[in-house]
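# Observations on the three-dimensional arrangement
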Amino acid sequence: MKFTVIGERINTSRIAVRDAVAARDAAYIVEDVKRQEAAGAAYIDVNAGARLGHETEDMEWLLATIQSAVSVPVCLDSPDPRLLELAFALVSREPLVNSISLERERYEAMLPFLKGKECGVIALCMDDTGLPQSSDQVVERAISLAGALEGIGVPRDKIHIDPLIQPIGTDATKGYMALEAVRGINQQLPGIRTTCGLSNISFGLPQRKFINQAFLALLMGAGLTGAIIDPLDDRMMATVKTVDMLFGRDEYCADFLSAVRAGQIV
Ligand code: THG
């Protein structure tokens, strides 16, 4: 299966999106998500967390606006189980729910909510002690999360484990740790899916796009099945399409060649 691109742009932590949401500028959001869909996003991530006190109404408005504009499903992105539950009731296509974790409060609220729902789930390898400190610990947490989710009936291929990418700038082992974690997850939980945000790897460093792009190629090599990225970043998407092709997931190199013809790979 081709790599799953989750488009990250509809996030109120981005100034332009925050302004558009505050002004209820539907044209801006519609234009943005149409471009993400055209560029190959399989899901549109929607994160309304940055305007404090407005998360619920912003999420409702964004979902209505986005779902009238594109036919790809949304990825509901919030740490708040109540907001995810409210948002879930508003989706028109099977969503990805981002996210559950092993943090007690979130875990205990999310499991009963997810039971019996038709959706994909992103599961963060986070618990109440914080971020994982080794690739073995990521794999252990992935096994716990997968066990709990499969236990309530979520099929393995709808579980997307997020190993949680940590900055390389303050700990040189964090890149390799993530690569080992993805390999370990695939070995211990065959058929499971994996995803992550990339940008933490380059936190505090210059030339971040170059770091993120090289890291994505390495993660795909380790077996990562998807990522939360900017589908309008042509270089990042060129990496995705080229690696998909090199892994034999692009019959006759068709997608690669059409991206070249469209001027997206130059
Ligand atoms: N895992 C999961 N979900 C996530 C993350 C993750 N959701 C949120 C985040 N991390 C992924 N989403 C984004 C969205 C936007 C940006 C980065 C990650 C972004 N970053 C630019 C930067 O960091 O410089 C800002 C550029 C701008 O303002 O336009 O835009 O890890 N499961």
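Residues numbered from 1 in each chain as written. Predicted model: local features only at pLDDT ≥ 70, side-chain atom pairs only at ≥ 80, totals over all residues. Heavy atoms only, no water.

With that settled, the discussion passes to the site of the ligand. For the ligand, the full set of nearby residues is Glu8, Asn11, Arg14, Asp77, Asn98, Ile122, Leu124, Asp162, Gly197, Ser199, Arg208 and Ile228. The side chain of Asp77 places a nitrogen or oxygen atom 2.7 Å from a nitrogen atom of the ligand. Between the ligand and Gly197 there is a distance of 3.3 Å, counted from an oxygen atom to a backbone nitrogen or oxygen. For the ligand, the protein covers 64% of the area, taking 670 Å² as the surface of the free molecule. Placement of the ligand is best described as lying within the largest pocket. Secondary structure elements with two or more residues in the shell around the ligand: β1 (4-11) and β5 (120-124). (Near = heavy atom within 4 Å. Polar contact = N/O pair within 3.5 Å; in protein donor to acceptor, adjacent residues only side chain to side chain. Areas by Shrake-Rupley, 256 points an atom, 1.4 Å probe, with all protein chains shown as cover. 1 Å grid on protein atoms, 1.4 Å probe; cavity = no way out; pocket = protein on both sides within 12 Å on 5 of 7 lines; lining within 4 Å. Sits in = over half its atoms within 2 Å of the grid points. Helix = DSSP H or I, 4+ residues; strand = E, 2+ residues; numbered from the N terminus.)

Turning next to the packing of aromatic side chains. Enumeration according to the criterion identifies 1 aromatic pair in this entry. Summarising the aromatic geometry, the rings of Phe88 and Phe113 are spaced 5.7 Å apart at their centres and angled 90° between planes, so their arrangement reads as edge-to-face. Residue Phe88 is located in helix α4 (residues 81-88), and its partner Phe113 is located in helix α5 (residues 104-114); the two are separated by 25 residues in the primary sequence. For the pair Phe88 and Phe113, a shared accessibility class is recorded, and that class is buried. For the cation-ring pair, Lys117 lies above Phe88, with the distance from its terminal atom to the ring centre recorded as 5.8 Å. (Phe/Tyr/Trp six-rings, centres within 6.5 Å; stacked < 30°, edge-to-face > 60°. Buried < 20%, exposed > 50% of the residue type's maximum accessible area, 1.4 Å probe, protein only. Lys NZ or Arg CZ within 6 Å of the ring centre and 35° of its normal.)

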